[in-house]
Amino acid sequence: MTKKRRAAALTALDLLALLMALLVLFPVFYGVCGAFKTPEEFAAWPPTVLPNSFRNTENFTRVFAQAPMGRYYWNSFVMATMTSAVRLVLAVLAAYAFVFFDFPGHRTCFFLLLGTMMMPPDTLTIANYQTVSRMGLIDTYVGMGIVSFAGASQMFMLRQHFLTSPKALREAAMLDGCGDLRFLVSILAPTASPLLMTLFLQSFLTQWNAYLWPLLVTNRPEMRTVQVGLTMLTTVDGTNYEVMLAGAAVVMLPAMLFYAALRRFVSRAMENGPLLS
Amino acid sequence: MQMQAAKRRDRVRRPGERVSKGWLFLLPMAVFAFLFQYWPFLQTAVQSFCTVNFRGDITGFAGLENFRYLFSRREFSAALRNTLVLTAVNVPVTLALTLLLAWMTAGRRRLSPLTETLFALPMAVSMASVAMIFRVLLNPTVGYVNYCLGLNVGWLTDRHWAMPAILIMTVWMGIAFNYLLFLSAFRAVPKELTDSASLEGAGPLRLLFSVQLPLISPTILYVVCTNTVQAMMTNGPVLILTQGGPARSTMTLIYLMYTSGYGSSNYSLAACVSLISFGLTLLFTLLIFTTERGKVHYQ
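Residues numbered from 1 in each chain as written. Chains lettered and ligands numbered in written order. Predicted model: local features only at pLDDT ≥ 70, side-chain atom pairs only at ≥ 80, totals over all residues.

Enquirer: I tried to follow the overall build of chain B on my own but got confused; where do I start?
Expert: Counting its regular elements, chain B contains 14 helices and two strands. For chain B, whose C-alpha radius of gyration is 25 Å, the value lies well above the compact-globule estimate of 19 Å for 299 residues. Across its three principal directions, the C-alpha atoms of chain B cover 80 × 65 × 35 Å. (Helix = DSSP H or I, 4+ residues; strand = E, 2+ residues; numbered from the N terminus. Rg over C-alpha atoms; globule rule 2.2 N^0.38 Å.)

Spelled out as structure tokens, the structure:
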């Protein structure tokens, strides 16, 4: 009897959770549906959630006509890939140095790099903006990514991982005449590939979704990222809700699909998250 | 024998080379960490005590004059108050909400994979898209929120409602990430512990407060810290939706820094604001760590 009641309670709990999940996702659902509405449907009272027809793709055509979305996509893609790659390579090299070399100042350097995690990047944006504009990097991909090249948390996670690999492995490789770089690339990196993949995806998603910094360092319309371009859709024509939502859908759906496909990796990164505290 | 010989050879040949090689591997990251993290920090600290022209060149020493000027401005007191309110509401609400959601779904049951994925999906949605959607949702005439709640408020245009609107949005954006953290923390609690507690007659609530929460306290500490930092840095939704208005009701510190530095090229003022928000954030983080000391249980 109690077993039955317990099962019923659990089912109720599950259904409640599902309901809450749908509630949390409602804004996304509403946004995607709104992208298929006509201006008349928006003006109608009472407001609806579902559009009359999902075959009305005019808003999407208008988004692509109003703004060079393809170009924005390309910009975001290049910027996010380049930044995440550089960030990862630098973190791998630094983590390697901390684990396999013993040089004076090694500990001080480690803590100095970790110390950067205490500085919220947002407080540094104006000062960084001055540096980047002095370097003449406004409106360049490098300018958009350069402030994120040093990733202390990535370095830290990689260091923790490298520490677990047996020292004898490197010594054996060295005896066989393998250099450090070659050892790193062909022996150590493959053993760390799930972690490398996770870190890359995590930083790709962060870069792809970044807003304030790409906004600051781009002036020319053709250098805008999707996120910045999306918010500029509204200034063109203030009250085009359906076009705004179509733009939001176009920007958000690929990232969500990408994320859903690779969630296994991301949740592994989550599990590593608390380590940082 | 051979190994030892090799090691000796290693020691004789290596030292100088190893030192320089270690530096070589470290250097690229160190350069960027210095240039874009330590250097801007120093620059900010120096500029806040100096007069700086619109190109960012230091033209003289100002002492505390910039701070005095800043403190006399109403934008600043509004920004400070709003940021503190945002943090004070956002952090506990997000914490309670995501803990509850994770607790409800922690058991692996039939519907779990579905609910988990649904809760986690908003993580992939960018702040800019969320802002666009909320702009429509919260619209006073065509928006769905007013319709559902039977209200008629200008969420983003009324100075009493703009801040709650920003809060709703920032809480929403934090759900997915924190939920996933708590979910994996709940699942990492050893099953023997919860099982034996249940056998001894502990109900679900007793189990939560006496077994699960103490065991996941490191994650709670982590979430409280990262959320505090994030809430103190709130600026994106403000920048896109309200521009600090109406009547400064959504002005936040980082948004003030952005408008005074980037908008008006008043770099010394921007530097003061950023130094203050950095100091406050650091202070809060340290406070959290000292008050939690002893209460957080590490396995």
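Back to the text.
Enquirer: Honestly, the overall build of chain A in this entry has me stumped. Any pointers?
Expert: Looking only at helices and strands, chain A has 15 helices and zero strands in total. For chain A, the C-alpha atoms occupy an extent of roughly 75 × 70 × 35 Å along the three principal directions. Split into buried and exposed, the 277 residues of chain A put 41% on the buried side. Looking at chain A alone, contacts between residues at least 24 apart form 76% of all its contacts between residues at least 6 apart. (Buried ≥ 20, exposed ≤ 12 C-beta atoms within 10 Å, placed from the backbone. Contact = placed C-beta atoms within 7 Å.)

Enquirer: Explanation requested: the domain arrangement of chain B in the structure shown.
Expert: Where the parts come together, the accessible area they lose is often given as the size of the interface. Residues and elements named next belong to chain B. Taken as a whole, chain B is organised into domain 1 (14–66) and domain 2 (69–292). One C-alpha centre belongs to domain 1, the other to domain 2, and the line joining them spans 31 Å. Contact with domain 1, which involves twelve residues of that partner, is made by ten residues of domain 2. Looking at the side of domain 1 that touches domain 2, the elements with two or more residues in it are helix H2 (15–47), strand S1 (50–52) and helix H3 (65–72). (Domains from an automatic or database assignment.)

Enquirer: Just checking my understanding: could you explain the environment of Val99 of chain A for this structure?
Expert: All names here are of chain A. Within the fold, Val99 resides in helix H4 (residues 69–100). Looking at Val99, the number of C-beta atoms within 10 Å reads 19, which means it is partly exposed. Filtering out sequence-adjacent residues up to four positions away, Val99 remains in contact with Arg159, Phe162 and Leu163.

Enquirer: Looking at this model, I keep getting lost on the environment of Leu156 of chain B. Mind explaining?
Expert: Residue and element names in this part refer to chain B. Turning to its location among the elements, Leu156 is positioned in the loop between helix H7 (144–149) and helix H8 (162–188). Along the primary structure Leu156 and Arg135 are separated by 21 residues, whereas in three dimensions their C-alpha atoms are 8.0 Å apart. Excluding residues that lie within four positions of it along the chain, Leu156 makes contacts with Leu138, Ala162, Ala165, Leu241 and Thr242.

Enquirer: Is there a simple way to think about the packing of helix H11 (residues 217–232) of chain B against helix H14 (residues 267–292) of chain B in this case?
Expert: A pair of packed helices is captured by two measures, namely the crossing angle of their axes and the spacing between those axes. Residues and elements named next belong to chain B. Axis separation between H11 and H14 bottoms out at 10 Å; the angle between their running directions is 165 degrees. Relative to H14, the element H11 lies roughly antiparallel. The interaxial crossing formed by H11 with H14 has right-handed handedness. Touching Leu221, Val224, Cys225, Thr228, Val229 and Met232 of H11 are Ser277, Leu280, Thr281, Phe284, Thr285, Ile288 and Glu292, all from H14. (Axes fitted to C-alpha atoms, helices over the stretch in contact; angles between N-to-C directions. Parallel < 35°, antiparallel > 145°, perpendicular 65-115°, else oblique. Left-handed = near helix turned anticlockwise from the far one by under 90°.)

Enquirer: How should helix H1 (residues 2–34) of chain A be read in this particular structure?
Expert: Every α-helix winds through 3.6 residues per turn, so residues three or four apart in the chain are directed the same way. Along its 33 residues, H1 of chain A runs 47 Å from first to last C-alpha, staying within 8% of the 48 Å computed at 1.5 Å per residue. The largest bend along H1 of chain A measures about 50 degrees and falls at Leu25 of chain A, with the proline Pro27 of chain A one to four residues further on. Those residues of H1 of chain A lying buried are Ala17, Ala21, Pro27, Val28, Tyr30, Gly31 and Gly34 of chain A. Next to the buried residues of H1 of chain A lie helix H14 (241–261) of chain A together with helix H4 (74–105), helix H5 (112–120), helix H6 (127–137), H7 and H8 of chain B. (Expected span 1.5 Å × (residues − 1). Bend = angle between axes of the 7 residues up to and from the residue.)

Enquirer: Can you walk me through the pairing of strand S2 (residues 58–61) of chain B in this structure?
Expert: Successive side chains on a regular strand alternate, one facing one side of the sheet and the next facing the other. All names here are of chain B. Bridge count for S1 against S2 is three bridges, and the pairing is antiparallel. Across the sheet, the residue bridging to Val52 is Ile58, located in S2. From the end of S1 to the start of S2, which pair antiparallel, there are five residues, and Gly56 there has a positive phi angle of about 95 degrees. (Pairing = 2+ DSSP bridges.)

Enquirer: Honestly, the interface of chain A and chain B in this entry has me stumped. Any pointers?
Expert: Listed by partner, the interface residues are 78 residues for chain A and 76 residues for chain B. Tallying contributions element by element places H1 of chain A first for the side of chain A that touches chain B, with 16 residues. Tallied by class, the residues present in the side of chain A that touches chain B amount to 59 nonpolar, 14 polar and five charged. (Nonpolar A, V, L, I, M, F, W, Y, C, P; charged D, E, K, R; others polar.)

Enquirer: Would you mind showing me how to read unusual backbone geometry here?
Expert: All names here are of chain B. A positive phi angle is found at Ala247, which is not glycine, with a value near 50 degrees. As for its position among the elements, Ala247 is in the loop between helix H12 (236–242) and helix H13 (253–263). Take Ala247: there are 12 C-beta atoms within 10 Å of it, and that puts it in the exposed class. Notably, Ser265 is not glycine yet its phi reads approximately 55 degrees, a positive angle. In this structure, Ser265 sits in the loop between H13 and H14.

Enquirer: Explain the nonpolar core to me, please; I cannot follow it from the model alone.
Expert: Side chains of nonpolar character tend, in soluble globular proteins, to be buried together. The biggest cluster of nonpolar side chains holds 152 residues, and the ones touching the most others in it are Ala94 and Leu245 of chain A together with Met29 of chain B. Of all the elements, H8 of chain B adds the most residues to this core, at 16 residues. Leaving out residues up to four positions away in the same chain, Met29 of chain B has contacts with Leu90, Ala91, Leu93, Ala94, Leu113, Ala150 and Met155 of chain A. (Core = buried A, V, L, I, M, F, W, Y, C linked by C-beta atoms within 7 Å.)

Enquirer: Before we go on, may I ask you to explain the confidence of the model for chain A in this structure?
Expert: Low pLDDT means the predicted atomic positions in that stretch should not be read closely. All names here are of chain A. Looking at chain A, pLDDT values average 84 and 92% of them are 70 or higher. Mean pLDDT across the secondary structure elements of chain A bottoms out at helix H15 (residues 263–272), with 62, and peaks at helix H7 (residues 141–145), with 93. Every residue in residues 273–277 scores below 50 in pLDDT, and together they form eleven contacts with partners more than four places removed in sequence or on other chains. (pLDDT = per-residue confidence, 0-100.)

Enquirer: Even after reading the chapter, I still don't get the environment of Phe77 of chain A, so can you show me in this structure?
Expert: Among the structural elements, Phe77 of chain A can be located in helix H4. Phe77 of chain A sits 148 residues away from Thr225 of chain A along the chain, and the two C-alpha atoms are 8.5 Å apart.

Enquirer: So what exactly am I meant to see when it comes to the confidence of the model for chain B here?
Expert: All names here are of chain B. Overall, the predicted model of chain B reaches an average pLDDT of 85, with 92% of residues at or above 70. Taken element by element, the predicted model of chain B shows its lowest mean pLDDT in helix H1 (residues 2–13) (46) and its highest in H4 (93). Every residue in residues 5–13 is under pLDDT 50, and counting partners more than four places away or in other chains gives one contact. Our summary of model confidence lists the complex with pTM equal to 0.85 and ipTM equal to 0.83.

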